[in-house]
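Residue-level structural notes
Chain residues, written in single-letter form:
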Amino acid sequence: MSRTLPNIIITGTPGVGKTSHCELLAERTGLKHLSVNDVVKSKECHEGWDEEYQSWIVDEDKLLDAIEDEVKQGGCIIDWHACDLFPKSWIDLVVVLRVESSVLYDRLTERKYPELKLQENLDSEIMEVLLQEARDSYDEEIVVELQSNDAEQMDENVDRIEAWFKQWKENNSSA
Ligand SMILES: Nc1ncnc2c1ncn2[C@@H]1O[C@H](COP(=O)(O)OP(=O)(O)O)[C@@H](O)[C@H]1O
């Protein structure tokens with residue numbers, strides 16, 4: 001099925017700046033910011049709350065059912081810390097945001113993450129878990145790794161994704 005607008009995933013470890021990037025990008029492009037966290041909560045795509053991790057236990061099948069129609073239409077910026085669950089056919093670009101450990105430590109401490117969750121997320125970032133997941137799940141041409149340590153890098157990233165979006169529209173216009 002061909003889309004008139006692309007779907008983009010912005011992924012990475014919690015705290016890398018996914019939501020911040022999605023909001024800016026949505027403002028600039030008019031694409032829709034699809035916060036999977038919000039969908040999980042509002043449409044109850046979970047099997048309950050994990051006290052230790054302070055997060056929802058996501059029911060991925062329910063989640064995919066909840067967003068399928070919207071995503072298949074195109075024009076979504078998907079904001080989520082995982083990407084391997086979305087069918088390849090839905091996705092045109094996967095942006096994996098990266099951050100230095102010390103910066104991530106400060107951001108997650110600010111969020112008052114429990115110790116276990118903080119440590120696991122720091123390890124995950126150092127081990128490049130989400131970058132690897134993206135590379136294992138999608139063709140390498142559509143996976144882009146971008147640094148998100150400061151506001152300047154965020155601006156550059158958003159410029160770059162916006163430029164990609166304009167090019168995609170040009171390449172996919174029927175005119
Ligand atoms: N590139 C960046 N430069 C500076 N601060 C950032 C950057 N990206 C995110 N932040 C800050 O870090 C915190 C976490 O960002 P957020 O977008 O919520 O991350 P995520 O959605 O990946 O969990 C927020 O306080 C945000 O303002």
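Bear in mind the structure is a predicted one, so any value in this text is a computation, not a measurement.

Our next topic: helix α5 (residues 115-126). Taking 1.5 Å of rise per residue, twelve residues should cover 16 Å, and α5 covers 17 Å from first to last C-alpha, within 8% of that figure. Looking one or two residues past α5, Glu128 carries a phi angle of roughly 60°, positive in sign.

Turning next to the site of the ligand. Lining the immediate environment of the ligand, one finds 14 residues, of which Gly17, Lys18, Thr19, Ser20 and Met154 sit closest. For the shell around the ligand, the secondary-structure elements that each account for two or more residues are α1 (18-29) and α7 (151-172). Looking at the shell around the ligand, its residues break down into four nonpolar, seven polar and three charged.

Here we come to the pairing of strand β6 (residues 93-98). Across four bridges, strand β1 (residues 8-11) lies against β6 in parallel orientation. In the strand pairing of β6, Ile10 is matched with Val95. Two strands pair when backbone bridges link them, and β6 and strand β7 (residues 143-147) are joined in this way by five bridges, in the parallel orientation. Looking at the pairing, Arg98 lines up with Gln147 of β7.

Per the UniProt entry, the sites bearing "binding site: ATP" (unreviewed entry) are Gly15, Gly17, Lys18, Thr19, Ser20 and Arg111 in this numbering. The exposure class assigned to Ser20 is partly exposed, which follows from the 17 C-beta atoms found within 10 Å. Relative to the assigned elements, Arg111 resides in the loop between α4 (101-110) and α5. On the neighbour-count criterion, Arg111 (12 C-beta atoms within 10 Å) is exposed.

At Lys112, a residue that is not glycine, the phi angle is positive and equals roughly 60°. Positive phi values are uncommon outside glycine, yet Glu128 reaches one of about 60°. With respect to the helices and strands, the residue Glu128 is situated in the loop between α5 and α6 (129-137).

We now examine the sheet that holds β7. The parallel open sheet is built from five strands, whose spatial order is β2-β5-β1-β6-β7. At either end of the open sheet lies a strand with only one pairing partner, and these are β2 (32-35) and β7. Strand-to-strand twist across the sheet, computed as the mean angle between neighbouring axes with direction ignored, equals 25°.

Position of Glu162 relative to the elements: it lies in helix α7. Sequence spacing of Glu162 and Thr29 is 133 residues, and the spatial spacing of their C-alpha atoms is 6.8 Å. With residues near it in sequence (within four places) discarded, Glu162 still touches Leu25, Arg28 and Thr29.

With that settled, consider the packing of α4 against α5. Contact geometry for α4 and α5: axes closest at 10 Å, N-to-C directions at 155°. Taken together, the axes of α4 and α5 are roughly antiparallel relative to one another. Note on packing geometry: the crossing formed by α4 with α5 is right-handed. Taken together, the residues of α5 that come into contact with α4 (itself represented by Ser101, Leu104, Tyr105, Leu108 and Thr109) are Leu118, Asn121, Leu122, Glu125 and Ile126. Looking at the contact of α4 with α5 residue by residue, the class counts come to six nonpolar, three polar and one charged.

Each value, and the rule that gives it
Residues numbered from 1 in each chain as written. Predicted model: local features only at pLDDT ≥ 70, side-chain atom pairs only at ≥ 80, totals over all residues. Helix = DSSP H or I, 4+ residues; strand = E, 2+ residues; numbered from the N terminus. Expected span 1.5 Å × (residues − 1). Near = placed C-beta within 6 Å. Nonpolar A, V, L, I, M, F, W, Y, C, P; charged D, E, K, R; others polar. Pairing = 2+ DSSP bridges. UniProt positions renumbered as here; feature names shortened; annotations may be inferred. Buried ≥ 20, exposed ≤ 12 C-beta atoms within 10 Å, placed from the backbone. Axes fitted to C-alpha atoms, helices over the stretch in contact; angles between N-to-C directions. Contact = placed C-beta atoms within 7 Å. Parallel < 35°, antiparallel > 145°, perpendicular 65-115°, else oblique. Left-handed = near helix turned anticlockwise from the far one by under 90°.

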